[in-house]
Amino acid sequence: MRDRLVPYRLSSVFCAHELLYPHGWPGGYTMEGRAAELVYLAHRQLFPVDLAPEQRTYIIYTSRPGTRARGATNQDDVIAEVQQGIKRHKRREQLKIWSDGTHSVRVMTVALDTTQHKTHKTRQRVVPAADAVLPLTQFSEQVEEAIEWWKQARVVVGTHGGALANLVWLPADDQTAVVEICPTGKPSVSWWSLAAGMRVHYWQILVSNTTHETPLEVPLGALRETLEAVQEHLSS
């Protein structure tokens, strides 16, 4: 066994066909196995029965403007690549863009027969002052909107960020897939842990020469290859 132990070094890159991850990741934070299991059990209390795969009609892309930290500078190309994959495999899902800006919640719908993006504001979200309280009704509406979107998702694609906390609303089985685009060129386990707890299949695309505080350019070749792997999984 000792000859199979690998010392951890921050500068090292490890490749494996399968990763078993029972404890905290060195140098980072993640959800421990028991906590992930509790998330799954809580999901089952809220949603005893998830939508069947054929009823999941969304492929969600979580948008971050290219000027923001971890925002995709080539976001239009990323959206077009996802859209082309939908057309290439004649998938029936609709591509939906989840965009949570600083001051408003925006919804962008991409039609499958055009590359034009139609945008409309659905709700203005007021950022409260330090001594203000966000109205409960407004907060509840946003949570309900998130649940309605994400419980219908078959695939989620997005850069590393808080929007992926909505994975808790996904159908909790292996017929749902998540693709996370991560900066720094190193694996991130925050949302992978949540996805593992939710029983969904998960892929990462690592982008080098970036930080958590800078925009990034999504490698389209890697994105296309990953989406093909997702398609193969969902078709098996």
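The structure we're discussing is the one just above.
What you see is a predicted model; the values in this text were computed from it and never measured.

**Quick notes on the overall build of the chain**
Next, step 1: In terms of helices and strands, the chain carries five helices and seven strands.
Next, step 2: When the helices and strands of the chain are read in sequence order from the N terminus, they spell out α-β-α-β-β-β-α-β-β-α-β-α.
Next, step 3: Within the chain, buried positions represent 41% of all 236 residues.
Next, step 4: Accessible surface computed for the chain: about 13400 Å², of which carbon and sulfur atoms make up 56%.

**Some details on the packing of helix H2 (residues 75–88) against helix H5 (residues 220–235)**
Next, step 1: At their nearest, the axes of H2 and H5 sit 10 Å apart, and the two run at 30° to each other. In terms of axis orientation, H2 runs roughly parallel to H5. As for how H2 packs across H5, the hand of that crossing is right-handed. Across the interface between the two elements, Asp-77, Val-78, Glu-81, Val-82 and Arg-88 of H2 pack against Leu-220, Leu-223, Arg-224, Leu-227 and Glu-228 of H5.

**Focus: the nonpolar core**
Nonpolar side chains in soluble globular proteins generally cluster together in the buried interior.
Next, step 1: Counting 25 residues, the largest nonpolar core has Ile-60, Trp-150, Val-156, Leu-167, Leu-170 and Val-178 as its most contacted members.
Next, step 2: Elements that contribute at least two residues to this core include exactly strand E1 (58–63), helix H3 (136–150), strand E5 (153–159) and helix H4 (190–197).
Next, step 3: Counting residues in hydrophobic clusters, the runner-up holds 22 residues, among them Ile-86, Leu-95, Val-218 and Leu-227.

**Describing H2**
Count 3.6 residues to each turn of an α-helix, and residues three or four apart come out pointing the same way.
Next, step 1: The terminal C-alpha atoms of H2, which comprises 14 residues, lie 20 Å apart, in line with the 20 Å expected from a rise of 1.5 Å per residue.
Next, step 2: Of the residues trailing H2, Lys-90 is marked for its positive phi of about 55°.

**Describing unusual backbone geometry**
Next, step 1: For Lys-90, which is not a glycine, the phi torsion comes out positive at approximately 55°.
Next, step 2: A positive phi is found at Thr-184, a non-glycine position, where the angle reads about 75°.
Next, step 3: Among the secondary structure elements, Thr-184 is positioned in the loop between strand E6 (177–182) and H4.
Next, step 4: Taking the relative accessible area as the measure of exposure, Thr-184 reaches 28% and is therefore partly exposed.

**Section: the pattern of salt bridges**
Next, step 1: Throughout the structure, instances matching the rule amount to seven salt bridges.
Next, step 2: The closest approach of N and O atoms between Arg-56 and Asp-173, which form a salt bridge, is 2.6 Å. Residue Arg-56 is found in the loop between helix H1 (33–46) and E1, and its partner Asp-173 is found in the loop between E5 and E6; the two are separated by 117 residues along the sequence.
Next, step 3: The buried category is assigned to Arg-56, whose relative accessible area is 1%.
Next, step 4: Assessed through its relative accessible area of 22%, Asp-173 is described here as partly exposed.
Next, step 5: In this structure, the salt-bridge partner of Glu-81 is Arg-224, at a minimum N-O distance of 2.9 Å.

**With respect to the packing of aromatic side chains**
What describes a pair of aromatic rings is the distance from one ring centre to the other and the angle between the planes of the rings.
Next, step 1: Enumeration over the complete set of coordinates arrives at three aromatic pairs.
Next, step 2: With a centroid separation of 5.3 Å and 70° between ring planes, the pair formed by Trp-98 and Trp-149 is classed as edge-to-face. Placement of the pair is Trp-98 in strand E2 (residues 94–100) and Trp-149 in helix H3, with a sequence separation of 51 residues.
Next, step 3: Plain terms: the ring middles of Trp-98 and Trp-150 are 6.0 Å apart, the flat faces sit at 80° to each other, and that makes the pair edge-to-face. Highlighted residues: Trp-98 in strand E2 and Trp-150 in helix H3, separated in sequence by 52 residues.
Next, step 4: Taking relative accessible area as the criterion, Trp-98 reaches 8% and is therefore assigned buried.
Next, step 5: You can call Trp-150 buried: its relative accessible area is 0%.
Next, step 6: Clustering of aromatic rings is evident, with ring pairs tying together Tyr-58, Trp-98, Trp-149 and Trp-150.
Next, step 7: A cation over a ring is seen here: Lys-96 above Trp-149, with NZ or CZ 5.0 Å from the ring centre.

Criteria and thresholds
- Per-chain numbering applies: the sequence of each chain, read as written, is numbered from 1 onward.
- Side-chain atom pairs in this predicted model are given and counted only at pLDDT of 80 or more, local residue features only at pLDDT of at least 70, and totals for whole chains, interfaces and linings cover all residues.
- For the side-chain quantities, the full set of heavy atoms in the structure was used; hydrogens and water were omitted.
- Runs of E in the DSSP output that reach at least two residues are strands. Runs of H or I that reach at least four are helices, and both are numbered from the N terminus.
- Throughout this description, buried means an accessible area under 20% of the type-specific maximum (1.4 Å probe, protein chains only), exposed means over 50%, and partly exposed covers the range between.
- Residue exposure ignores everything except the shown protein chains as possible cover, and the areas themselves are Shrake-Rupley values with a 1.4 Å probe.
- Interaxial angle, 0 to 180 degrees, is taken between N-to-C directions of lines fitted to C-alpha atoms, where a helix line uses only the stretch in contact.
- Angular relationships are summarised with four words: roughly parallel below 35 degrees, roughly antiparallel beyond 145, roughly perpendicular across 65 to 115, and oblique for the angles in between.
- We call a crossing left-handed when the near helix sits turned anticlockwise from the far one by less than a right angle, and right-handed when that turn is clockwise.
- Whether two residues are in contact is decided by their heavy atoms, any of which lying within 4.5 Å being enough.
- What is meant by a nonpolar core is a set of buried Ala, Val, Leu, Ile, Met, Phe, Trp, Tyr and Cys residues, joined one to another through side-chain atoms within 4.5 Å.
- Multiplying 1.5 Å by the residue count of a helix minus one yields the expected span of that helix.
- Note on definitions: salt bridges are taken to be side-chain nitrogens of Lys or Arg within 4 Å of carboxyl oxygens of Asp or Glu.
- Any pair of Phe, Tyr and Trp rings, taking the six-membered ring for Trp, is counted once the centres come within 6.5 Å. Such a pair is stacked with planes under 30 degrees apart, edge-to-face with planes over 60 apart, and tilted for the rest.
- When the NZ atom of lysine or the CZ atom of arginine is within 6 Å of a ring's centre and also within 35 degrees of its normal, the charge is said to sit over that ring.

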